[in-house]
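# A structural walkthrough
So the chains spell out like this:
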Amino acid sequence: MLVAFGRQAWKEVAGHFPDPQPELKLKGEVTRGTTDVATTAADVWGVLDWKSGRVEGDATDQIMGYISCLHDQMGPPPSGRYLGVTVWLRHGTIDTIEVDAADIERFKQRVR
């Protein structure tokens, strides 16, 4: 079941992840981590996190941490926009956020 939804979910989001980079280690100004999938090959750069456990709250801060690191390491993407995707395999859902540099700065201020 998890694998089947994982395949379906990837088909839905793969267009946002050209040249996907698996297990990308990131270190930023205020956070660090390893995102499951990242891309910097499109106008909107993205990170994706696969979740195989039960939903235990909102994963937005984790995704924002990855995006913040990507921004710190690589600078802004051509569009100035970032996409964050969380795929909840067990529940068959996909959460997405789209943020810009101002959102990243607000996140950094909050977690400092």
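Just so you know, these numbers come straight off a predicted model, no measurement behind them. (Residues numbered from 1 in each chain as written. Predicted model: local features only at pLDDT ≥ 70, side-chain atom pairs only at ≥ 80, totals over all residues. Heavy atoms only, no water.)

## Focus on the nonpolar core
The biggest cluster of nonpolar side chains holds 15 residues, and the ones touching the most others in it are Leu26, Val47, Ile67, Leu70, Tyr82, Val99 and Ile104. Those elements that place two or more of their residues in this core are strand 1 (21–27), strand 3 (45–51), helix 2 (60–74) and helix 3 (101–111). Top element by residues in this core is helix 2. It accounts for six residues. Excluding its chain neighbours within four sequence positions, the residues that come into contact with leucine 70 are Leu24, Leu26, Thr39, Thr40, Trp45, Gly46, Val47, Gly75 and Tyr82. Residues Phe5, Val13, Phe17 and Val85 belong to the second largest nonpolar core, which totals ten residues. (Core = buried A, V, L, I, M, F, W, Y, C linked by side-chain atoms within 4.5 Å. Buried < 20%, exposed > 50% of the residue type's maximum accessible area, 1.4 Å probe, protein only. Helix = DSSP H or I, 4+ residues; strand = E, 2+ residues; numbered from the N terminus. Contact = heavy atoms within 4.5 Å.)

## Here we look at the pattern of salt bridges
For the coordinates displayed, the defined rule picks out nine salt bridges. The residue glutamate 29 makes a salt bridge to arginine 112 at a minimum N-O spacing of 1.9 Å. With glutamate 29 in the loop between strand 1 and strand 2 (32–39) and arginine 112 in the segment after helix 3, this residue pair connects regions lying 83 residues apart in the sequence. By relative accessible area, glutamate 29 is classed as exposed at 52%. Looking at arginine 112, the relative accessible area reads 49%, which means it is partly exposed. Arginine 81 is the salt-bridge partner of glutamate 98, the closest N and O atoms lying 3.1 Å from each other. With glutamate 98 in strand 5 (residues 93–100) and arginine 81 in strand 4 (residues 81–88), this residue pair connects regions lying 17 residues apart in the sequence. Assessed through its relative accessible area of 44%, glutamate 98 is described here as partly exposed. Several salt bridges share partner residues, and in doing so they unite Glu29, Asp72, Glu105, Lys108 and Arg112 into one network. (Salt bridge = Lys/Arg side-chain N within 4 Å of Asp/Glu carboxyl O.)

## What about the sheet that holds strand 3?
Overall, mixed pairing links the five strands, which are arranged 1-2-3-4-5 in an open sheet. The open sheet has two free edges, formed respectively by strand 1 and strand 5, since each of these has just one partner strand. Each strand of the sheet is rotated relative to its neighbour by a mean of 35°, with strand direction disregarded. Both strand 3 and strand 4 contribute to a ladder of seven bridges, which runs parallel. Bridge pairing in strand 4 places lysine 51 opposite tryptophan 88. Each of strand 4 and strand 5 is contacted by helix 3, which is oriented at about 100° to strand 5, the strand it contacts most. (Pairing = 2+ DSSP bridges. Axes fitted to C-alpha atoms, helices over the stretch in contact; angles between N-to-C directions.)

## Brief notes about the pairing of strand 4
With seven of eight residues buried, strand 4 is to be regarded as a mostly interior element. Following the backbone out of strand 3, through helix 2 and into the adjacent parallel strand 4, one traces a crossover that is right-handed. Of the pairings in the sheet, the one linking strand 4 to strand 5 comprises eight bridges and is antiparallel in character. Across the sheet, glycine 84 pairs through a bridge with isoleucine 97, a residue of strand 5. In sequence, strand 4 turns back onto strand 5 through a hairpin of four residues, with glycine 92 there showing a positive phi of about 70°. (Right-handed = clockwise from strand over helix to strand, strands pointing away.)

It is worth stressing that arrangement in space is one thing and function is another; only the former is reported here.
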